[in-house]
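Structural overview
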Amino acid sequence: QIPTQWNSRGVGGGGALFAPSINPANDNEYYVGCDMSELFHSTDFGVTNAEIPFYKTQGGHYSAVQFTNVANTLYSIDYASGAPGYVPIPVKTTDGGATWAALVGNPDPSEECFSINVDYNNPNRVLISYFNALYFSSNGGSTFTNIRNAANTNIGLHIAGAFFDGNNIYVGTNEGLLVSTNGGSSFALSSVTGITTGQAMFSFAGAKVGATTRFLCLTGASADIYVGKPGSDYDSFVAGV
């Protein structure tokens, strides 16, 4: 059934809300981050929202919680001011959010983490990005390998999203579609066409039904897409499938 209307779920936390994430195994559960540092958690589809205690983890623009098929194992980006280097860092919980810990293999804990993407069906596969670099882990964040550096270090390597399909991993970036067909051992830019010259991906997602895989993306002027720029700063996007 297709939704036909929106329903108010109450006021937010005193700031703008970002990075919603819904549990694929239970769509009554979701997390939403806020630029006022709250990370909200609901298990009843928004009837009630609990705020995660600030001393456990804090939310922000890119703190999209990554659910996995392993009970109580989730990933996120922690914006707590007490984090190493006082910058957002990638974190993990294995007890359903009771405690969160920094990923021990984080290549540079003093560098701001702008994105985290995790394979729901294989939680050992983790992607994190800094301003100019993208890293991949095959062991749950214990170690990371650099898989891409920004071609233009002035605008950085923007990660638009990722789609995991077994050993096939697809990462949308402002430089094109990065693809691995061997579970993350190597990545290369795809030659897939269709994005207009002068446009670049800002947001990317994928889905698969049977043998059919589809990608969807929003693009904007490539010169205007840089790491850390929120979507609210754009006047227009172009949708692509």
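Structure: see above.
Computed from a predicted structure; not experimentally measured.

Tallied over the full model, the rule gives 11 aromatic pairs. A centroid spacing of 6.4 Å and a plane angle of 70° characterise the contact between Phe163 and Phe215, whose relative ring orientation is edge-to-face. Taken together, the residues Phe163 in strand β12 (residues 159–165) and Phe215 in strand β17 (residues 212–221) connect sequence positions 52 residues apart.

Residues Tyr75, Ile116, Val126, Ile128, Tyr135 and Phe144 are the most contacted members of the largest nonpolar core, which totals 13 residues. The residues contacting Val126, other than those within four sequence positions of it, are Tyr75, Leu103, Ile116, Asn117, Val118, Tyr135, Phe136, Ser137, Gly140, Gly141 and Phe144. Counting residues in hydrophobic clusters, the runner-up holds 12 residues, among them Leu157, Ile159, Phe164 and Leu178.

Reading across from one edge, β8-β9-β10-β11 is the order of the four strands in this open sheet, with antiparallel pairing throughout. Strands at the two margins of the open sheet, each flanked by one partner only, are β8 (115–118) and β11 (145–149). Adjacent strand axes in the sheet meet at a mean angle of 20°, parallel and antiparallel pairs treated alike.

The rules behind the values
- Each residue is numbered by its place in its chain's sequence as written, counting from 1.
- Two thresholds apply to this predicted model, a pLDDT of at least 70 for residue-level local features and 80 or more for giving and counting side-chain atom pairs, whereas whole-chain, interface and lining totals are computed over all residues.
- To get the side-chain values, take all heavy atoms of the structure and skip hydrogens and water.
- To pair, rings of Phe, Tyr and Trp, with the six-membered ring standing in for Trp, must have centres within 6.5 Å; the planes then decide the type, stacked if under 30 degrees apart, edge-to-face if over 60, and tilted in the middle.
- Every helix listed is a DSSP run of H or I at least four residues long, and every strand listed is a run of E at least two residues long, numbered separately from the N terminus.
- Each nonpolar core is a collection of buried residues, namely Ala, Val, Leu, Ile, Met, Phe, Trp, Tyr and Cys, held together in the definition by side-chain atoms within 4.5 Å.
- Classification of residues uses two cut-offs on accessible area relative to the type maximum, computed with a 1.4 Å probe and protein chains only: under 20% is buried, over 50% is exposed, and between them is partly exposed.
- The contact criterion used throughout is that any non-hydrogen atoms of two residues lie within 4.5 Å.
- A pair of strands is treated as paired once DSSP finds two or more bridges between them.
- Think of each axis as a best-fit line through the C-alpha atoms, taken over the contacting stretch in the case of a helix, with angles from 0 to 180 degrees between the N-to-C directions.

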